Amino acid sequence: MRPTTGWVRWAAPPAIVVSIAAPALAMRYLSVEQAQKVAFPDATRFVEAHVIFTPADVAAIERRSGQKVLARGQQVWRAFSGDRMVGFFIVDYVIGKHLVIDYAVALDPNGRVGHVEILEYRESYGGEISNRSWLAQFVGKTSQDPLQIDQDIRNISGATLSSRHVTEGVKRVLALYDTCLR
Amino acid sequence: MTPACDSVRRARPLLGTFVEISASGARSGDLHAAVSRAFDIVADVHRLMSFHDRDSDVSRLNRKAATRPVAVHPWTYEVLRWSAELHDASGGLFDIAVADTLQRVGLLPDGDSGRPRVARPGPRPAPVALLAHNRVRFTRSDVRLDLGGIAKGFAVDRAAEILQALGVPRGLVNAGGDIAAFGAEPFTVHIRDPRDASRILAEVHLSNEGIASSGAAFDRRAGAPRVAIVDPTTGRLASTIAGATVRASRCVLADALTKLVVVSGRSADALLTRYGASALLVSWHGDVLATRSWGKELRPAS
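Conventions used here
Residues numbered from 1 in each chain as written. Chains lettered and ligands numbered in written order. Predicted model: local features only at pLDDT ≥ 70, side-chain atom pairs only at ≥ 80, totals over all residues. Core = buried A, V, L, I, M, F, W, Y, C linked by C-beta atoms within 7 Å. Buried ≥ 20, exposed ≤ 12 C-beta atoms within 10 Å, placed from the backbone. Helix = DSSP H or I, 4+ residues; strand = E, 2+ residues; numbered from the N terminus. Arc of directions from axis to C-beta. Contact = placed C-beta atoms within 7 Å. Axes fitted to C-alpha atoms, helices over the stretch in contact; angles between N-to-C directions. Parallel < 35°, antiparallel > 145°, perpendicular 65-115°, else oblique. Left-handed = near helix turned anticlockwise from the far one by under 90°. Nonpolar A, V, L, I, M, F, W, Y, C, P; charged D, E, K, R; others polar. Pairing = 2+ DSSP bridges.

**Q** Help me get a handle on the nonpolar core, residues and values and all.
**A** With 136 residues, the main nonpolar core has Val173, Ile179, Leu257, Val261 and Leu280 of chain B as its most contacted residues. Ranked by residues supplied to this core, first place goes to helix H6 (residues 251–264) of chain B with 10 residues.

Quick look at the structure:
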């Protein structure tokens, strides 16, 4: 067998290895206002549409998307460039096994997805996530609310997070468009 | 508490994970425009190379390329060229035609051609013939491509390239752990322990290069952590190495080479040297090894 001289055994001081936990996963990327600007750079104004779901809306959205609707309404803006409507900007959140993720979906005027942008995420804790009051603290959060956001969150190479929950959330947002905005 | 207008950090769900892009050193408006453009590029790569999307180049190839040459996007062609080179350099250990095995063990959904065919163990000849004018065809009828082992690194490189082309002085693109960094001042990158994702194993400083990690993830189907990389010599998932991190001049190389380190462990040495790459590997029974070139620089996370 060819000698393998190229490797050295690397040993971090064991005390350090066991004591360093990965940083808490929490990060704020963009405020709603920043994300609106990024989504529609040419827009001159954003007009909020107050979408409150009726029970029929909830049923329709759940049927169309196959996703459970937890919220009672949705934060939706119409973006205008002068008098021209250039698209929709919709803020939503999903709760995964590990993370609560706030994100925004930019739709063109015909309801086609332009892109999905993550606004912020926070770690969710297995058992606590089913606790309604714990959940409540994340519902209707504004960008001003202090959360334990680590602005210096690290760049990590290693086990990755799946974006499946967001992909499923986007399906629900599209069903909302079909139901309430089209 | 808005930070000064010379640094942005954003994330989008792409490539099945979260892609994060940091950019700094220019006007905030310009940085945002460049980052948006870079995300669009990643989305383009995703559309071209997704196994799941019926209209991707990969899906078109899997449907047609066994019977006739198929024209692909220049980027897909480039990834196939890298794959062919690495297949050749590794004696067939880097194999992009292992979708059948991944389907068999439940790591990829069954395609439209029904029940997955099962690979015979042992390295196989190059699965793809590269023809003129960005056309390719399969060399055998049983080929089913999955570019999951290399496309993410390629996307990261393309995104970092466009940021630089648009005048961003310093930036980092991170697609679920596949990272490219550029600029004068290095970025600190932490490497997760593949045996325990809540732990950081080490930190390195990265500038104008790529890094990628492949490691075990908990698998509900298997009821245990496992590595989603096929060892072509056995036709099964690689099982001795829990994870590997490779650092190379480009992220596409780092991404592909991690698969080879996971499959061949210490003997990936020569290949790493050939590409000027360095690596850290963690075996299931606890050994942590680093290539000599990297050993000096690696430090415990602080």
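**Q** Any chance you could break down helix H2 (residues 57–64) of chain B for me, citing the residues and the numbers?
**A** All names here are of chain B. Of the residues making up H2, those classed as buried are Asp57, Val58, Leu61 and Asn62. Down the axis of H2, the sector holding all buried residues measures 135°, keeping them to one side. Check the buried side of H2 and you find it contacts helix H1 (28–49), strand S3 (70–71), helix H3 (74–89) and strand S5 (135–138).

**Q** Any chance you could break down the packing of H1 of chain B against helix H5 (residues 151–165) of chain B for me, citing the residues and the numbers?
**A** How two helices sit against one another is set out by the angle between their axes and by the gap between those axes. Residue and element names in this part refer to chain B. In contact at an axis separation of 9 Å, H1 and H5 are set at 155° when each is read in the N-to-C sense. Relative to H5, the element H1 lies roughly antiparallel. Seen from above, H1 lies across H5 with right-handed handedness. Facing H1, whose interface residues are Ala34, Arg37, Ala38, Ile41, Val42, Val45, His46 and Met49, H5 presents Ala151, Phe154, Ala155, Arg158, Ala159, Ile162 and Leu163. Looking at the contact of H1 with H5 residue by residue, the class counts come to 12 nonpolar, 1 polar and 2 charged.

**Q** An account of the pairing of strand S1 (residues 7–14) of chain B is needed here, citing residue identities and associated values.
**A** All names here are of chain B. For S1, a buried count of 7 out of 8 residues is recorded, marking the element as mostly surrounded by other parts of the structure. Summarising the sheet, S1 and strand S2 (residues 17–24) pair through 8 bridges and their orientation is antiparallel. Bridge pairing in S2 places arginine 10 opposite isoleucine 21. In textbook terms, the turn of a hairpin is the stretch between consecutive antiparallel strands, and for S1 and S2 this stretch comprises 2 residues, one of which, leucine 15, has a positive phi near 55°.

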